[in-house]
Amino acid sequence: MKDLTGAASRLPEPVSRLEVELDGAEATQAWAARLASVLHAGDVLILTGELGAGKTTFTQGLGAGLGVREGIISPTFVLSRIHPALGAGSDLVHVDAYRLGSAGELSDLDLDATVDRSVTVVEWGRGLAESLAGWPDDPDASWLDIELIRATGSGEPGDAGTRADAEAGTIVTDFSDEDGTGADETRTAVVLGFGPRWAGVELPN
């Protein structure tokens, strides 16, 4: 897996774009469950959002739609968790890349061994996890970039990837992404599809 640090600016143009307004946690989970209906093994989702944006809430809904074992929580402390399918569907691999500094560190998690038979969701994976889909070597490299934007947050797509509070001089941790505060506030999901896998695919809204 290549080190993609700083490579995000060289990403290809997305082949699709969708914005969905989500009215609270239940709507976020319901939309994620619908999104699961168009996913299959090998799909990579890069999930971005500031503190409390609903990243784990989204992944819980995705897991319900995929039919995996319940109990999805943020993998911040263990970095990755595998949630096995209860039926004939795909497993869900849930990764938190917040503490990782490069795609090389992501490679150390051995996700290549599961990516072909699972749906892989990587929180804080922008600029790191595109390599799981095969970018930049594979011309068919495809992935979904999903950003959850809180109504009370910055409101600017792309800002949620910031990991440091420059004014305070401290690192902003993501340990309590789903602490219940703001669960009913409106969020916007901005979805970018990259690669031929997502060309012409109608994503649920």
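Use the structure listed above.
For clarity, every value in this text was computed on a predicted model and none was experimentally measured.

Caption draft 1: Region of the structure containing the overall build of the protein. In terms of helices and strands, the protein carries three helices and nine strands. The N-to-C order of helical and strand elements in the protein reads β-α-β-α-β-β-α-β-β-β-β-β. With an accessible surface of roughly 9400 Å², the protein has 48% of that area assigned to carbon and sulfur atoms.

Caption draft 2: Focus on the packing of aromatic side chains. With the rule as written, the count across this model stands at four aromatic pairs. Centroid distance tryptophan 143 to phenylalanine 194: 4.8 Å. Interplanar angle 15°. Geometry classified as stacked. Linking tryptophan 143 in strand β6 (residues 143–150) with phenylalanine 194 in strand β9 (residues 186–194), this pair joins segments that are 51 residues apart in sequence. Note on tryptophan 143: relative accessible area 0%, which makes it buried. An aromatic cluster is present here, built from Trp135, Trp143 and Phe194 joined pairwise through their rings. Positioned above the aromatic ring of tryptophan 198 is the side chain of arginine 197, whose terminal nitrogen or guanidinium carbon lies 4.0 Å from the ring centre.

Caption draft 3: Inspection of the nonpolar core at higher detail. Within the largest apolar cluster, 26 residues are counted, with the highest numbers of intra-cluster contacts made by Trp31, Leu35, Leu45, Phe58, Leu62, Leu144 and Ile146. Counting residues per element, this core draws most heavily on helix α1 (residues 25–36), at four residues. Excluding residues within four positions of it along the chain, leucine 35 makes contact with Leu45, Phe58, Leu62, Leu144, Ile146, Leu203 and Pro204.

Caption draft 4: Seen up close, unusual backbone geometry. Going from tryptophan 135 to proline 136, the amide bond is cis rather than trans, its omega being 5°. Structurally, proline 136 can be placed in the loop between β5 (118–123) and β6. In this model, tryptophan 124 sits at a positive phi of 60°, which is unusual for a non-glycine residue. Assignment of secondary structure puts tryptophan 124 in the loop between β5 and β6.

Cut-off values and rules
For every chain, the first residue of the written sequence is number 1, and numbering continues from 1 along that sequence. Totals for whole chains, interfaces and linings use all residues, but because this is a predicted model, local features are given only for residues with pLDDT of at least 70 and pairs of side-chain atoms are given and counted only at 80 or more. The basis for the side-chain values is all heavy atoms of the structure; hydrogens and waters are excluded. Put simply, DSSP marks the helices as runs of H or I at least four residues long and the strands as runs of E at least two long, and each gets a number from the N terminus on. Areas reported as accessible are Shrake-Rupley estimates using a 1.4 Å probe. Residue values count occlusion only from the protein chains shown. Only Phe, Tyr and Trp rings are paired, with Trp represented by its six-membered ring, and only when their centres lie within 6.5 Å; those with planes under 30 degrees apart are stacked, over 60 edge-to-face, the remainder tilted. Note on exposure labels: buried denotes an accessible area under 20% of the residue type's maximum, exposed denotes more than 50%, and partly exposed covers the range between, all computed with a 1.4 Å probe on protein chains only. Over a ring means this: the NZ of a Lys or the CZ of an Arg is within 6 Å of the ring centre and within 35 degrees of the ring normal. In this text, buried Ala, Val, Leu, Ile, Met, Phe, Trp, Tyr and Cys residues form a nonpolar core when linked through side-chain atoms within 4.5 Å. The contact definition used throughout considers only heavy atoms, calling two residues in contact when any of these lie within 4.5 Å.

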